Amino acid sequence: MASPATGLGEGLNSEAEPGPRPAPPVSVAAVLPAGGSGERMGGGTPKQFCDLSGRPLVSYTVQAMERVSWISDIIVVVSQENVEKMKYIINKFGHKKTTVVEGGMTRHRSIFNGLDIFVKSNNSSQLLKKPEVIIIHDAVRPFVEEDILFKVVMAAKEHGAAGAIRPLVSTVIASSADGCLDHSLDRAKYRASEMPQAFLFDIIHQAYQQCSDYDFDYGTECLHLALKYSKTNAKLIEGPPDLWKVTYKRDLYAADSLIKDAISQQLCIINNNINEDASQVGFLLHGTLKNHVKVIKSTSTSVSENDNHLQNILLEQCYNFVCINDDPNGLQETHQLLKILENRNASVLYSVVLISVHLAILENTFLSSAMQSLTKLAKEVKKKNILLYGFIVDYRKDNLKLQETIDLAGSLITALIRDRNPVFAGQILVA
């Protein structure tokens, strides 16, 4: 889902090359086969529809393709029983360039259906123009970056077909009929075929038109079909290490962790700067949090006075906010910030974490009505994918342990941002 330092609009890979590439000199579209049953996942839900931080996995892969401006259309191919589910996902998460197509009984039959929609649309009212190059990419590989997409497209333009590869991690061995070792392959001479792959559209479409029933039913490798039926030898491109496919349940946990880590790397601290105390706490908290978070934006005026600055921060794909208030009984700034977040639909793709920090001398302060109101408010905004937490900082001017208190607050805030657990929304924490 971006380099954490630049926002999720750039992808989820922190090692991606900086800066967007120019568009390829060809028209490009993509087909995402998403018809798998998820048997290896071991559960009832196909892996492409499994939830990751509030969204199905397939939505992340669609988003990865949609953020590439030069990909004109994205075709998601799903089984018949999941067509309406996929249409619902597209609508709910605002995917704009995506069309759902019903797949076939096997992977290759599904991909052929996805390709065929471009040919059929030329003779119908559908607004799908046949591209010069088509990308084929698994719907359960959400971490694909524009850089590798560009490379396979340019290689396909020159060679007719191209695909990403990775070095083999394990040695490949062959077993004999009795289950004993027969021989092994030299790992240095072989590579693992990955996605994405790209083809001149006519080459791969014609290959599928000539494809035998055996290859349709038992084949898995698109590059092999281009070679066998169109005599096109694919160019192989070394891909980055994050092209892995979500296959098993443990992969879901790994993907979820990567997504949460990426959207936790940018934070906006809003210090209303009403008095010296709030300013000091904001300064100390900024210093503590920068040890945990890569990018910190900060503003020292009220939300209403600095609306344009906050709007720009939202456009930079920030999903974490700390709002510091000097009044333990005040929620005005928190309400205003929530209104901005809701108006911007900031939480459509990813949950937004908002931590409302209040200063108080705890031995003289009971849990205020404002904190009780915050708990009620948190229940309402959680429905909109905004996770609101209350935070009370025990502030005393003569407290020599203030920095220790701020360090604890920083650790707790970091944990809330990284965990993004909706179960704890509305909790009031104390440091």
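Up top is the structure these notes are about.
Calculation criteria
- Residues numbered from 1 in each chain as written.
- Predicted model: local features only at pLDDT ≥ 70, side-chain atom pairs only at ≥ 80, totals over all residues.
- Heavy atoms only, no water.
- Salt bridge = Lys/Arg side-chain N within 4 Å of Asp/Glu carboxyl O.
- Helix = DSSP H or I, 4+ residues; strand = E, 2+ residues; numbered from the N terminus.
- Buried < 20%, exposed > 50% of the residue type's maximum accessible area, 1.4 Å probe, protein only.
- Pairing = 2+ DSSP bridges.
- Patch = residues over 30% accessible without salt bridge, like charges linked within 9 Å, V, L, I, M, F, W, Y side chains within 5 Å.
- Areas by Shrake-Rupley, 256 points an atom, 1.4 Å probe, with all protein chains shown as cover.
- Phe/Tyr/Trp six-rings, centres within 6.5 Å; stacked < 30°, edge-to-face > 60°.
- Contact = heavy atoms within 4.5 Å.
- Arc of directions from axis to C-beta.

Engineer: Quick question: what am I supposed to make of the pattern of salt bridges here?
Structural biologist: If charged atoms from side chains of opposite charge come close, those side chains can pair. Inspection of the entire model under this criterion finds 13 salt bridges. Here Lys384 ties to Glu342 by a salt bridge, and the two come within 3.0 Å at their closest N and O atoms. Of the two residues, Lys384 sits in the loop between α12 (369-382) and β16 (386-394) while Glu342 sits in helix α11 (residues 332-343), which places them 42 residues apart along the sequence. Overall, Lys384 belongs to the partly exposed group, its relative accessible area being 44%. The structure contains a network of salt bridges with shared partners spanning Arg107, Asp138, Arg141 and Glu194.

Engineer: Can you help me understand the pairing of strand β7 (residues 161-167) in this one?
Structural biologist: A regular strand places its side chains on the two faces of the sheet in alternate fashion. Burial of β7 is extensive: 5 of the 7 residues sit out of reach of the surface. Across 6 bridges, the pairing between β7 and strand β10 (residues 191-200) is antiparallel. When the sheet's bridge partners are listed, Ile165 is paired in β10 with Ser193. Of the strand pairs in this sheet, β7 and strand β11 (residues 235-238) are connected by 4 bridges, and their pairing is parallel. Paired with Ile165 across the strands is Glu238, a residue of β11.

Engineer: How should a nonpolar patch on the surface be read in this particular structure?
Structural biologist: A cluster of nonpolar side chains, namely Val172, Leu185 and Tyr190, defines an oily patch on the protein surface of about 220 Å² accessible area. Inspection of the secondary structure assignment puts Leu185 in the loop between β9 (181-184) and β10. Look at Leu185 and you get partly exposed, because its relative accessible area is 31%.

Engineer: Quick question: what am I supposed to make of the packing of aromatic side chains here?
Structural biologist: Enumeration according to the criterion identifies 9 aromatic pairs in this entry. With a centroid separation of 5.9 Å and an interplanar angle of 80°, the aromatic rings of Phe118 and Phe201 are classed as edge-to-face. Here Phe118, found in helix α3 (residues 107-121), pairs with Phe201, found in helix α5 (residues 201-210); they are 83 residues apart in sequence, far enough to count as distant. Aromatic side chains Phe143 and Trp244 sit 5.5 Å apart centroid to centroid with 45° between the ring planes, which places their arrangement in the tilted category.

Engineer: I keep staring at the side chain of Thr288 and nothing clicks. Help me out?
Structural biologist: With respect to the helices and strands, the residue Thr288 is situated in helix α9 (residues 276-289). Among all residues touching Thr288, those that are not within four sequence positions of it are Gln403, Ile406, Asp407 and Gly410.

Engineer: What exactly am I supposed to notice about helix α2 (residues 83-92) here?
Structural biologist: Every α-helix winds through 3.6 residues per turn, so residues three or four apart in the chain are directed the same way. Val83, Met86, Ile89 and Ile90 are the residues of α2 that are buried. Angularly, the buried residues of α2 cover 120° about the axis, an arc narrow enough to put them on a single face. With respect to the buried face of α2, the exposed residues turned more than 90 degrees away are Glu84, Tyr88 and Asn91. The inward-facing, buried residues of α2 contact β3 (55-56), α1 (57-66), β4 (71-78) and β5 (98-102). Looking one or two residues past α2, Gly94 carries a phi angle of roughly 65°, positive in sign.

Any functional reading would require information that these geometric values do not contain.
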